[in-house]
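Overview (structure and organization)
Each chain, letter by letter, is given below.
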4 protein chains.
Amino acid sequence: MPASPKATKKEIVTAFRTREILAAARKLLEQRGPEAMTMGEIAAAAGVAKGTLYLYFQSKDDLIQALIAQVGENILHDVEVSLVAPGTPPEKLIRMVSVLLEYLNRDRLLFPIYARELLQGEGASREGFRRRYQELEEKFVTLVTRLFADGIAAGQFISANPRLLTFLIRGLVRATGYYQKAEGQADAAKEALPVILTLISSGLIREKQSLAEEAAL
Amino acid sequence: MPASPKATKKEIVTAFRTREILAAARKLLEQRGPEAMTMGEIAAAAGVAKGTLYLYFQSKDDLIQALIAQVGENILHDVEVSLVAPGTPPEKLIRMVSVLLEYLNRDRLLFPIYARELLQGEGASREGFRRRYQELEEKFVTLVTRLFADGIAAGQFISANPRLLTFLIRGLVRATGYYQKAEGQADAAKEALPVILTLISSGLIREKQSLAEEAAL
Amino acid sequence: MPASPKATKKEIVTAFRTREILAAARKLLEQRGPEAMTMGEIAAAAGVAKGTLYLYFQSKDDLIQALIAQVGENILHDVEVSLVAPGTPPEKLIRMVSVLLEYLNRDRLLFPIYARELLQGEGASREGFRRRYQELEEKFVTLVTRLFADGIAAGQFISANPRLLTFLIRGLVRATGYYQKAEGQADAAKEALPVILTLISSGLIREKQSLAEEAAL
Amino acid sequence: MPASPKATKKEIVTAFRTREILAAARKLLEQRGPEAMTMGEIAAAAGVAKGTLYLYFQSKDDLIQALIAQVGENILHDVEVSLVAPGTPPEKLIRMVSVLLEYLNRDRLLFPIYARELLQGEGASREGFRRRYQELEEKFVTLVTRLFADGIAAGQFISANPRLLTFLIRGLVRATGYYQKAEGQADAAKEALPVILTLISSGLIREKQSLAEEAAL
DNA sequence: GATGAATGAGCCTTCATTCAT
DNA sequence: CATGAATGAAGGCTCATTCAT
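From a predicted model like this one, the values you see are computed outputs, not experimental measurements.

**Considering the interface of chain A and chain B**
On the side of chain B, 64 residues touch chain A, which itself brings 65 residues to the contact. Summing the contributions of chain A and of chain B, the shared interface buries around 5800 Å²; its carbon and sulfur component is 67%. By the criterion of area lost to chain B, the three top residues of chain A are Arg 116, Leu 119 and Leu 204 of chain A, representing 14% of everything that side buries. Viewed at the interface, chain B and chain A are joined by 2 salt bridges. Across the pair Arg 163 of chain B and Glu 183 of chain A runs a salt bridge, and its minimum N-O distance is 2.7 Å.

Now the structure itself:
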């Protein structure tokens, strides 16, 4: 029957359009920020009419949510994979950091560092955007916190609040993203990976003895 | 003491109003973000009429810049103090991290983690806000980069791009800010400081031997 | 005739709307002046929403400039035609005055007497309006000044600064416009034309001898 | 009794302030127009506080009315004097034109050509300004129209609507004002006076014969 | 009387969203 | 389905006017 393939073709076109629009929106989101970016700009960049955007997304906020979901689910999936693969917690941690850093180079993707939304209270506009971003964040934190909890329990990580450790690790990845952006480098991740691994494994400071005194303070 | 206090009284009122407005704006900035926050809201929160804001600031952008300047100059000053005081580079680094973390508890202060502006291109609105924030950032990075460069030259830090190290350290402080906000804790800094110091001095991972293998990968 | 009229239909609608808006704006400009006239009033008078005006004109100033350009180019063109047609300078002068006076009756047109902008310095608002108006003025003055210069050289006009004569002729036309407006007459131009022609050709005063004495004073 | 001189002194100060404010306002009115000119600017130019203006004038509109009245009464008075002095109507006309032209050089005074207000309908803002200006105009027109009526009755002027003639004469004076402004000359009036007198007495065109044919059309 | 900080109505302009074609 | 002209709510900003000092 021709109906099913026809419907499928339609779905393919729809999916294609959706991706095109999201791709255009992503670039604009990074360049101009969520508020400054207008629906008109997105439409122009995607090569469609303004009204067409509303055939694919209910609102601007909805579009931004889809953007985050699209990216976020990919990241979360890859992070999850890196954590369920066999290995000790430290091994898993290292794999996960590598995965996160790779995202900084894929698709010019800056979402891992799109952190400002986390700061905003309930009154903020783009309510949906914020909420979605925080959900994503929460899922990530939950996953990684478990890793740290396991590792701490096994005596393989320093003894600290595993949730705090999760935030700190994420902070290092974000910092790399800002570094990449600020320095205009194409591949900051490659440079940062070994440095972050060294930091994680043995710290920044070479003369441990003097530090021991400091820590005593 | 007639004339002088009279002139001063007006100045006091002006200074007081300015601070009131900035305080109201700061709260709103955190709650709603720079775009969503309207001059009307700021005025209402400060208990003045909309037009009054324009007696103290030339524009919305100007007001936000003042907000940043107010905070930023304090931070920069304290950071600078912590760096010129005597001590080895590692000692200075630790002092500086302490200073930065203290700011997370002072004045509900979230600016140290107000990083999104760094991501945006020239087209973004509130040009002045972004520029000012980036200037602040640049000054900070320059200061700390020098510290790392010195420490690396003296063999006291690991050998890495000092600028990258600066971004990473800052990332840890920011992460603490997000942690504090996300967890709703009053004093995340106190909890995070020893963890960050340990991380800096000896890493997160206890079993160094296994890590050596990882690094070989 | 399928594609072409379709594209044309949209253009026709656009052109129609543009004219509607300009017509509404013209009436308001005369009633209230360029500053007092608001975009809201224009929109209401044109039967569209305020935002719609910005689909046709970039700004209020732009709209007013379009208004002037629309009218001004017509006038200039007709004046030019009246000056290049064959005839002696006096004949041309008379033709031109007739053309100008005709404009006072066409389209409730008062622009030929919209002179205030000429008085204002650079600080005035609606910079574009003023500039455009002065450009128009300058073109007109240049054209007519040449006519007077030619006529004076040929001994057909009294010997005087041709530029001054241009201003005086224009002053008579403007005066007729004010007369029409003030008296509420429909066709002041018809009444004024022979009077102005007589004035130009032989003056207002009948007893030339007495005047000669006066001039001697 | 000291009360009376004291009151007088106060009146003197008041009158002085009033004149100072009006002088400052007049300059601004010419530079920026009645709408663009702000009360703040007037106050600054007059060297007083903004609130002080409201001790001398009820409103901005009231201030502008006073401005017109001040100037207008002077002009009207001088025109009246020139018309009641002995002489034939043509003599009086010439005297009056001289008086009007003199005003163009006095006090940088441009009011005689401040004609735009005449165009505006009832809806315009600065209602009082417009009304006052039109009253002034009406008085002037009444005065001069009587002169022309007398002269026409005596056969000394061409036979035409005396009111129209009044507008035309006034148009010549205004034109001189625009000429002075446009050309940036200091003393356009001196140059224009003989030209206008010649125009009034015998027209612009020298070859009367050819004109006679034209007039026949 | 004089001041000028404060007010708030009202303006121009933008932009997410709708809907007739 | 796609379009883009139209909408109108809302924002930043100005400025005439008021009033406590």
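**Focus on the relation of the copies chain C and chain D**
For the pair chain C and chain D, the superposition axis carries a translation of 0.0 Å, the fit reaches an RMSD of 0.6 Å, and the rotation angle comes to 178°. Read as a symmetry element, the transformation amounts to a two-fold axis. Here 100% of the contact residues of chain C are again contact residues in chain D; the copies associate through an equivalent surface.

**Examining the interface of chain C and chain D**
With 64 residues of chain C in contact, the opposing surface of chain D contributes 65 residues. Taken over both partners, the interface formed by chain C and chain D buries close to 5800 Å², and the fraction arising from carbon and sulfur atoms is 67%. At the junction of chain C with chain D, the criterion picks out 2 salt bridges. Counting across the interface, chain C meets chain D through 12 residue pairs in polar contact (both at pLDDT 80 or more). With 16 residues, the top contributor of residues to the side of chain C that touches chain D is helix H7 (residues 162-183) of chain C. For the side of chain C that touches chain D, the residue count by class is 33 nonpolar, 16 polar and 15 charged.

**Some thoughts on the domain arrangement of chain A**
Residue and element names in this part refer to chain A. When cut into domains, chain A gives domain 1 (1-57) and domain 2 (59-216). Approximately 1600 Å² of surface area, both sides summed, lies buried where domain 1 meets domain 2, with 66% of it carried by carbon and sulfur atoms. Area buried by domain 1 at its contact with domain 2 is led by Arg 26, Glu 30 and Phe 57, which between them contribute 39% of it. Taken together, the connections running from domain 1 to domain 2 amount to 0 salt bridges. Our enumeration of links across domain 1 and domain 2 arrives at 5 residue pairs in polar contact (both at pLDDT 80 or more). Looking at the side of domain 1 that touches domain 2, the elements that each hand over two or more residues are helix H1 (3-36) and helix H2 (39-46). The element contributing the most residues to the side of domain 1 that touches domain 2 is H1, with 10 residues. Class assignment of the residues belonging to the side of domain 1 that touches domain 2 gives a composition of 10 nonpolar, 1 polar and 4 charged.

**Re the packing of aromatic side chains**
Inspection of the entire model under this criterion finds 10 aromatic pairs over all chains. Both rings, one in Phe 129 of chain C and one in Tyr 133 of chain C, keep their centres 6.5 Å apart while their planes meet at 85°; by these two values the pair is edge-to-face. Separated by 4 residues within a single helix, Phe 129 of chain C and Tyr 133 of chain C lie in helix H6 (residues 127-153), roughly one turn from each other. Taking the relative accessible area as the measure of exposure, Phe 129 of chain C reaches 0% and is therefore buried. Geometrically, the ring pair formed by Phe 148 of chain D and Phe 157 of chain D is tilted, given 5.1 Å between the ring centres and 55° between the ring planes. Assessed through its relative accessible area of 0%, Phe 148 of chain D is described here as buried. We classify Phe 157 of chain D as buried; its relative accessible area is 1%. The ring of Phe 140 of chain B carries Arg 170 of chain B above its face, with NZ or CZ at 4.1 Å from the centroid.

**Overview of the protein's contact with DNA strand F**
Near DNA strand F there are 32 residues, and of these Thr 52 of chain A, Tyr 54 of chain B together with Arg 17, Thr 52 and Tyr 56 of chain C occur at the shortest range. Atoms of DNA strand F within 4 Å of the protein: sugar and phosphate make up 70%, bases the balance. One of the backbone nitrogen or oxygen atoms of Ala 49 of chain A is found 3.2 Å away from a phosphate oxygen of DNA strand F. In the model, a phosphate oxygen of DNA strand F is placed 2.9 Å from a nitrogen or oxygen of the Met 39 of chain B main chain. Those elements that place two or more of their residues in the surface near DNA strand F are H1 and helix H3 (50-56) of chain A, helix H3 (50-56) of chain B, helix H3 (50-56) of chain C together with helix H3 (50-56) of chain D. Looking at the surface near DNA strand F residue by residue, the classes come out as 14 nonpolar, 9 polar and 9 charged.

Thresholds, definitions, all that
Residues numbered from 1 in each chain as written. Chains lettered and ligands numbered in written order. Predicted model: local features only at pLDDT ≥ 70, side-chain atom pairs only at ≥ 80, totals over all residues. Heavy atoms only, no water. Contact = heavy atoms within 4.5 Å. Buried area = accessible area lost by both parts, 1.4 Å probe. Salt bridge = Lys/Arg side-chain N within 4 Å of Asp/Glu carboxyl O. Least-squares fit on C-alpha atoms with pLDDT ≥ 70 in both. Polar contact = N/O pair within 3.5 Å; in protein donor to acceptor, adjacent residues only side chain to side chain. Helix = DSSP H or I, 4+ residues; strand = E, 2+ residues; numbered from the N terminus. Nonpolar A, V, L, I, M, F, W, Y, C, P; charged D, E, K, R; others polar. Domains from an automatic or database assignment. Phe/Tyr/Trp six-rings, centres within 6.5 Å; stacked < 30°, edge-to-face > 60°. Buried < 20%, exposed > 50% of the residue type's maximum accessible area, 1.4 Å probe, protein only. Lys NZ or Arg CZ within 6 Å of the ring centre and 35° of its normal. Near = heavy atom within 4 Å.

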